[in-house]
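# Architecture and fold: a report
Each chain, letter by letter, is given below.
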Amino acid sequence: MRLFTIHPSYRRHPRRVRVVLPSPIEPSPPALILFDGQNVLGDRGSYAGGWHADRAVAALPKTIRRPVIVAIDSGPGRMAELWAELDTFLRFVVRDVLPAAEEACRHTFDPEAHGIGGASMGGLASLAAAARHTRLFRKAIAMSPSAWTVPRELGRELGSARYERDARLYLDVGMRESERMVREAHRAATILEHTLHAPSAQLLFRPDRRGKHREPDWRRRLPKALRFAFRR
């Protein structure tokens, strides 16, 4: 794992970034940017147990491309950063974080295979990022997205997006989450079914009957999300 600290131009607080390389690694590997990076690797420092995303990537079969994980810790102002200030944050990711991650791992990422992912507000941000920047983020993993916080705004973005034909969007929700969370996740999936070129191939919507809004359920669902998003 490569670990570095980077200072966003729009925040006083430095941001920690962890880069995990898969083995084997392609000459031009895909990158998977993950929000709330302190929660997506090991248990130490996570809110309620890590996702162990590095282990999930390592266990992928050869039919799936193994991405470089670029996990960016959240910081002060997280709620604004993942919606109201999302474009500012994404500029920071593209202009500062990704070049630094490429230098850290000595590989240039495949520009047509960037993925972005997260859970809760991170899931909402992932859906929005993939809708606003369809050529840049062609793969999105949105777990339990907090679509209920901005249902109309998100609906407009998903409905007007012009996704690339190789886009792959993974969306899930735990059926033991709040009624609003479940309803708006289904609504987002319905909009995407009408927006994508080939929804059966480009969209995987996974209602999890026993899922709750918590880290262990996102960890459990991550391997399937990776297999869908990064299949060859």
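What counts and how
Residues numbered from 1 in each chain as written. Predicted model: local features only at pLDDT ≥ 70, side-chain atom pairs only at ≥ 80, totals over all residues. Heavy atoms only, no water. Helix = DSSP H or I, 4+ residues; strand = E, 2+ residues; numbered from the N terminus. Expected span 1.5 Å × (residues − 1). Bend = angle between axes of the 7 residues up to and from the residue. Buried < 20%, exposed > 50% of the residue type's maximum accessible area, 1.4 Å probe, protein only. Core = buried A, V, L, I, M, F, W, Y, C linked by side-chain atoms within 4.5 Å. Contact = heavy atoms within 4.5 Å. Axes fitted to C-alpha atoms, helices over the stretch in contact; angles between N-to-C directions. Parallel < 35°, antiparallel > 145°, perpendicular 65-115°, else oblique. Left-handed = near helix turned anticlockwise from the far one by under 90°. Nonpolar A, V, L, I, M, F, W, Y, C, P; charged D, E, K, R; others polar. Phe/Tyr/Trp six-rings, centres within 6.5 Å; stacked < 30°, edge-to-face > 60°. Lys NZ or Arg CZ within 6 Å of the ring centre and 35° of its normal.

## A short note on helix 8 (residues 215–229)
Relative to the 21 Å expected for 15 residues at 1.5 Å per residue, helix 8 spans 20 Å between its end C-alpha atoms, a close match to the ideal helical length. Remark: the principal bend of helix 8, roughly 40°, maps to Leu222, with a proline, Pro223, within the next four residues. Those residues of helix 8 not exposed but buried are Glu215, Asp217, Trp218, Arg221, Leu222, Ala225, Leu226, Phe228 and Ala229.

## Overview of helix 4 (residues 121–132)
The terminal C-alpha atoms of helix 4, which comprises twelve residues, lie 16 Å apart, in line with the 16 Å expected from a rise of 1.5 Å per residue. Extensive coverage of helix 4 is indicated by the burial of eleven of its twelve residues.

## Section: the nonpolar core
One finds Val70, Leu158 and Tyr163 to be the most contacted residues of the largest nonpolar core, which totals 54 residues. Apart from residues lying up to four places away in sequence, Leu158 is in contact with Leu127, Ala131, Tyr163, Ala188, Ile191, Leu192 and Thr195. Counting 24 residues, the second largest nonpolar core, distinct from the first, contains Ala53, Ile64, Ile69 and Ala225.

## What to know about the packing of helix 5 (residues 151–160) against helix 6 (residues 179–195)
The N-to-C vectors of helix 5 and helix 6 enclose an angle of 20°; their axes lie 9 Å apart at closest approach. By the angle between their directions, the pair helix 5 and helix 6 is classed as roughly parallel. Relative to helix 6, helix 5 is oriented so that their crossing is right-handed. For the pair helix 5 and helix 6, contact is made by Pro151, Arg152, Gly155, Leu158 and Gly159 and by Glu184, Arg187, Ala188, Ile191, Leu192 and Thr195, respectively. In terms of residue class, the contact of helix 5 with helix 6 is made up of five nonpolar, three polar and three charged.

## A word on the packing of aromatic side chains
Working definition: an aromatic ring pair is given by the centre-to-centre distance plus the angle between the planes. For the coordinates displayed, the defined rule picks out four aromatic pairs. Consider the rings of Tyr10 and Phe92, whose centres lie 6.0 Å apart with planes at 80°: the pair is edge-to-face. Within this pair, whereas Tyr10 is found in the loop between strand 1 (2–6) and strand 2 (15–20), its partner Phe92 is found in helix 3 (residues 86–105), the two being separated by 82 residues in sequence. The exposure class assigned to Phe92 is buried, which follows from its relative accessible area of 3%. Aromatic ring contacts, followed pair by pair, group Tyr10, Phe35, Phe89 and Phe92 into a single cluster. Above the plane of the ring of Trp83 lies Arg132, whose end atom (NZ or CZ) is 5.2 Å from the centre.

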